[in-house]
Amino acid sequence: MLRYRNEGTTISVNLPRTDYTVYMMANYNKETDTYHTKLYIMRKDVEDLNLIDDEFKFKSNFATLKLDMANYITEQFNKGYFKYYIDRYEYQQKCFNIGLEEMENADKEWYELF
């Protein structure tokens, strides 16, 4: 059997007025008595998680952990924190589409290999 790694508690929050969802994963660190988190963003029509931040640490207790995580995402959304990551993702998708179109038109033999 393959070994697994416990990624802890995960929640997702749909960002209002956007086509994006933010995922937050939290793992408890016994040594520091804090939760270490990872934030991802995903456009709802593309199944591709994009890492935003993996450095945020906060204190919470297990009973209120999910609520604290949701409050953090809400605070960041209200500050406009996710706009940069949404814009960056949209730019990456445009670049990908242009590159794909170039490859399709440049060499039909090469493209047909895939």
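Residues numbered from 1 in each chain as written. Predicted model: local features only at pLDDT ≥ 70, side-chain atom pairs only at ≥ 80, totals over all residues. Heavy atoms only, no water.

Overview of helix 1 (residues 65-78)
Consideration 1: For helix 1, spanning 14 residues, the distance from its first C-alpha to its last is 20 Å, which sits close to the expected 20 Å at 1.5 Å a residue.
Consideration 2: Listed as buried for helix 1 are Leu 65, Met 69, Tyr 72, Ile 73 and Gln 76. Seen from one end, helix 1 has its buried residues packed into an arc of 95°, which puts them on one side. With respect to the buried face of helix 1, the exposed residues turned more than 90 degrees away are Leu 67 and Asn 78.
Consideration 3: Looking at the buried side of helix 1, the elements it contacts are strand 1 (9-14), strand 2 (20-29), strand 3 (34-43) and strand 5 (57-58).
Consideration 4: Immediately beyond the C-terminal end of helix 1, within one or two residues, lies Gly 80, with a positive phi of roughly 85°. (Helix = DSSP H or I, 4+ residues; strand = E, 2+ residues; numbered from the N terminus. Expected span 1.5 Å × (residues − 1). Buried < 20%, exposed > 50% of the residue type's maximum accessible area, 1.4 Å probe, protein only. Arc of directions from axis to C-beta. Contact = heavy atoms within 4.5 Å.)

Considering the pattern of salt bridges
Consideration 1: Taken as a whole and judged by the stated rule, the model has five salt bridges.
Consideration 2: Close ionic contact of Arg 5 with Glu 7 constitutes a salt bridge, the shortest N to O distance being 2.9 Å.
Consideration 3: Each of the salt bridges in this network shares a partner with another, and the network as a whole consists of Arg 43, Asp 45 and Glu 90. (Salt bridge = Lys/Arg side-chain N within 4 Å of Asp/Glu carboxyl O.)

Quick notes on helix 2 (residues 83-106)
Consideration 1: Helix length check: helix 2, at 24 residues, gives a terminal C-alpha distance of 34 Å against a target of 34 Å (1.5 Å per residue), a fit within 8%.
Consideration 2: Among the residues making up helix 2, those that are buried are Tyr 85, Ile 86, Tyr 89 and Gln 93.
Consideration 3: Tucked into the core, helix 2 has its buried residues touching strand 2, strand 3 and strand 4 (50-53).

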